[in-house]
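Structural characterization, general
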Amino acid sequence: MNTNFGRRLGRVIALAALPIVVVLAGCSGADEDGTAPAGEEAQSGPVRAALSAEKLSVGGKEGVNVKVTLTNESAETVRLLKWETIADGLKEPLFVLTHEGQAVEYQGAHYKFRTPIEMDYLTLGPGEAFTGTVDLSQYYDLSASGTYDVQYRSDGIASNHVAVRSESHISPQAARTVLYGGELRTQSAELAAGISYASCNSSQQTGVNTAYGSSKSYADNSVNYFATHTSATARYTTWFGKYSSTRWDKAKDHYSKIQNALYNKNFVFDCSCTDSGTYAYVYPDSPYRVYLCGAFWKAPNIGTDSRAGTIIHESSHFTVLGGTDDHVYGQSGCKNLAVSNPNNAVDNADSHEYFAENTPSQN
């Protein structure tokens, strides 16, 4: 289950000569009247989220549509990464849903994004607002009937709650199984180890085949590291932080499973994605299908943020291989995470990629 709700929205980079507000402080939720829940204090921040439901009671065949309005309440310009809002659809678990007191599973895709450029930011001037609507039934498991409490959670953004009564929906995972997963899983035992393609031209197939071979070399090298070292070296601590036997064994297990899958399972590489800001994405509970996007084709075969490394990154997301999350992206963010939160580092997909790519090389 994905528990990394409310991460990183509001991480901004100053572009041009504009006054920029950096939204970093964590926040707790506010009640519908704007006050903090009992025992909590709503954090102030330049951006506030307001939620409203299209319908407070929906049937099983209706979308559970929730409108989100992000308002910049400060006197400064704020830039937000679009993929950490719903400006380009929901690409992160930005909502906290509970049903009868239990957290509801996020079943959306897990992405690897490119280094942000200006077009990847949503800019809100003083007093300006962005409004978008998302159908939560496409991303969260709403298969149980009942009332769902919904909150928008992210760093530096306070949100109200909205309650929606929903009849049982087909979960996103079940829907994907109907579309393609059932067939792929049925065939998985019959397909020879290696790779298959979907919507890939001959040039793309050649590139994927090369990257796939290099990803196996990355997996081999990573497994060999844990087999030949009995304690952490600079390579390990750079990406996974301070040594503990529990974290060491967890990372070791992830690479072992990834290596086994790359050699013994059939990976399906789907080239239908055209998003230029994304390397690739997967649905963690649908191994071993990897959707390759625009940034993947511009990446080098090996090295930092490479095609081969992207395959390691996405493989680590599969629940059966590690079930990693995306706590942070980029080498700088991963190095900081290793220091500040090594438990999250061994659960972070980019950290797995950078350890495997090992550029610049460390012993």
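Our subject is the structure listed above.
Quick look at the structure, then. Because the structure is a prediction, the values reported are computed rather than measured. (Residues numbered from 1 in each chain as written. Predicted model: local features only at pLDDT ≥ 70, side-chain atom pairs only at ≥ 80, totals over all residues. Heavy atoms only, no water.)

**Quick notes on the sheet that holds strand E16 (residues 278–282)**
Just so we agree on the cut-off: Note: two strands are recorded as paired if DSSP finds a minimum of 2 bridges between them. Elements are defined by DSSP. Helices are runs of H or I of four residues or more, strands are runs of E of two residues or more, and each kind is numbered from the N terminus. Structural elements are reduced to axes, namely lines fitted to C-alpha atoms, with helices fitted over the stretch in contact, and the angle between N-to-C directions of any two is expressed from 0 to 180 degrees.
Overall, mixed pairing links the five strands, which are arranged E8-E16-E17-E15-E14 in an open sheet. Of all the strands in the sheet, the pair left with one neighbour each is strand E8 (110–113) and strand E14 (194–198). Geometrically, the sheet is characterised by an average inter-axis angle of 20 degrees between neighbouring strands, direction not taken into account. Sheet topology note: the E16/strand E17 (residues 289–292) ladder contains two bridges and is antiparallel. Bridge assignment links Ala280 to a residue of E17, and that residue is Leu292.

**Considerations on the state of the cysteines**
Two cysteines form a disulfide when their sulfur atoms are joined by a covalent bond. The criterion, for reference: Cysteine sulfur pairs qualify as disulfides if the two atoms are within 2.5 Å. For each residue, the accessible area found with a 1.4 Å probe, counting protein chains only, is set against the maximum for its type, and the residue is called buried under 20%, exposed over 50%, and partly exposed in between.
In the structure shown here, the tally under the stated rule is two disulfides. A sulfur-sulfur distance of 2.1 Å marks the disulfide that ties Cys273 to Cys293. Judged by the sign of its S-S torsion, about 105 degrees, the bond between Cys273 and Cys293 is right-handed. Taken together, the residues span a long stretch of sequence, with Cys273 in the loop between strand E15 (266–270) and E16 and Cys293 in the loop between E17 and helix H5 (294–298) at a distance of 20 residues. Judged by relative accessible area, which is 0%, Cys293 ranks as buried. Disulfides within the protein link the bonded cysteines, taken in sequence order, as 1-2, 3-4.

**Some points on the packing of aromatic side chains**
Short version of the rule: Note on aromatic contacts: the rings of Phe and Tyr and the six-membered ring of Trp form a pair at centre separations within 6.5 Å, being stacked when their planes are under 30 degrees apart, edge-to-face when over 60 apart, and tilted otherwise. We count a charge as sitting over a ring when the NZ of a lysine or the CZ of an arginine lies within 6 Å of the ring centre and within 35 degrees of the ring normal.
Counted by the stated rule, this structure contains 28 aromatic pairs. Seen from their ring centres, Trp83 and Phe113 are 4.2 Å apart, and the 0 degrees between their planes marks the pair as stacked. Linking Trp83 in the loop between strand E5 (77–81) and strand E6 (95–99) with Phe113 in strand E8, this pair joins segments that are 30 residues apart in sequence. For Trp83, a relative accessible area of 7% translates into the label buried. Residue classification places Phe113 among the buried positions, given a relative accessible area of 5%. Ring geometry for Tyr111 against Phe113: centres 5.5 Å apart, planes inclined by 10 degrees, an arrangement best described as stacked. Phe113 shares its class with Tyr111; the two are buried. Site record: aromatic cluster; members linked through ring pairs are Tyr225, Phe226, Tyr236, Phe240, Tyr243, Trp248, Tyr255 and Phe355. Sitting above the plane of the Tyr263 ring, Lys216 keeps its charged end 4.8 Å from the centroid.

**Focus: the sheet that holds strand E12 (residues 157–159)**
Remark on secondary structure: sheet strands pair via backbone hydrogen bonds, oriented parallel or antiparallel. Taking strand neighbours across the sheet as the criterion, the four strands line up as E10-E4-E2-E12 in an open arrangement whose pairing is mixed. Single-partner strands in this sheet number two, and they are strand E10 (129–135) and E12. On average, adjacent strands in this sheet sit at an angle of 20 degrees to one another, irrespective of strand direction. Here strand E4 (residues 65–72) pairs with E10 via seven bridges, running antiparallel.

**Let's talk about the nonpolar core**
The following threshold applies: Take the buried residues of types Ala, Val, Leu, Ile, Met, Phe, Trp, Tyr and Cys, join any two whose side-chain atoms come within 4.5 Å, and each joined set is a nonpolar core. Pairs of residues are marked as contacts when any of their non-hydrogen atoms sit within 4.5 Å.
In terms of nonpolar packing, the biggest core is built from 43 residues, with Phe267 and Phe269 touching the most fellow members. Not counting the four nearest positions on each side in its chain, Phe269 is found in contact with Ile195, Ser196, Tyr197, Ala198, Cys200, Val208, Tyr212, Val290, Leu292 and Ile311. Among the nonpolar cores identified, the runner-up in size contains 31 residues, and Val47, Leu51, Leu94 and Val164 belong to it.

**Describing helix H4 (residues 245–264)**
Where we set the bar: A helix is expected to span 1.5 Å multiplied by its residue count minus one.
Under the 1.5 Å per step criterion, the end-to-end length of H4 is 28 Å for 20 residues, consistent within 8% with the ideal 28 Å. Buried within H4 are the following residues: Arg247, Trp248, Ala251, His254, Tyr255, Ile258, Ala261 and Leu262. At its buried positions, H4 is contacted by helix H2 (202–228), helix H3 (234–240), E15, helix H6 (307–317), helix H8 (342–345) and helix H9 (349–357).

**Looking at the environment of Gly294**
Within the secondary structure layout, Gly294 lies in helix H5. Each residue touching Gly294, except ones within four places of it in the same chain, is listed here: Cys273, Thr274, Asp275, Ser276 and Thr278.

**A look at the side chain of His161**
Cut-off, in case you're wondering: Identification of polar contacts relies on pairs of N or O atoms within 3.5 Å, with a donor-acceptor requirement for protein atoms, meaning one able to donate a hydrogen and the other able to accept it, and with residues adjacent in sequence counted only if both atoms are side-chain atoms.
Note on placement: His161 falls in strand E13 (residues 161–166). Within polar-contact distance, the side chain of His161 engages the side chain of Asp149 at 2.9 Å.

**Overview of the side chain of Glu92**
As for its position among the elements, Glu92 is in the loop between E5 and E6. Within the structure, Glu92 has its side chain in polar contact with the side chain of Tyr329 (distance 3.2 Å).

**Things to note about unusual backbone geometry**
Residue Tyr288 follows Pro287 across a cis peptide bond; omega there is 0 degrees. For Tyr288, the position within the fold is in the loop between E16 and E17. Look at the link from Thr359 to Pro360: it is a cis peptide, with omega at -5 degrees. If you trace the backbone, Pro360 turns up in the segment after H9. Positive phi outside glycine occurs at Glu100, with the angle close to 55 degrees. Take Glu100: it is sitting in the loop between E6 and strand E7 (102–103). Residue class for Glu100 comes out exposed when judged on its relative accessible area of 69%.

**Re the packing of H2 against H6**
Spelled out, the test is: Here the angle decides the label: under 35 degrees means roughly parallel, over 145 means roughly antiparallel, 65 to 115 means roughly perpendicular, and every other value means oblique. Put simply, a crossing is left-handed when the front helix is turned counterclockwise from the back one by less than a right angle, and right-handed when it is turned clockwise. In the scheme used here, Gly and all other residues not listed as nonpolar or charged are polar, with Ala, Val, Leu, Ile, Met, Phe, Trp, Tyr, Cys and Pro taken as nonpolar and Asp, Glu, Lys and Arg as charged.
Orientation of H2 relative to H6, taken along the N-to-C sense of each, is 65 degrees, at an axis distance of 7 Å. When the axis of H2 is compared with that of H6, the two are roughly perpendicular. Considering how the two elements wind past one another, H2 and H6 form a crossing that is right-handed. Contacts between H2 and H6 involve Gly207, Ala211, Tyr212, Ser214, Ser215, Tyr218 and Ala219 on the former and, on the latter, Arg307, Ala308, Gly309, Ile311 and Ile312. Across the contact of H2 with H6, the residue classes break down as seven nonpolar, four polar and one charged.

By themselves, these are just geometric observations and shouldn't be taken as functional.
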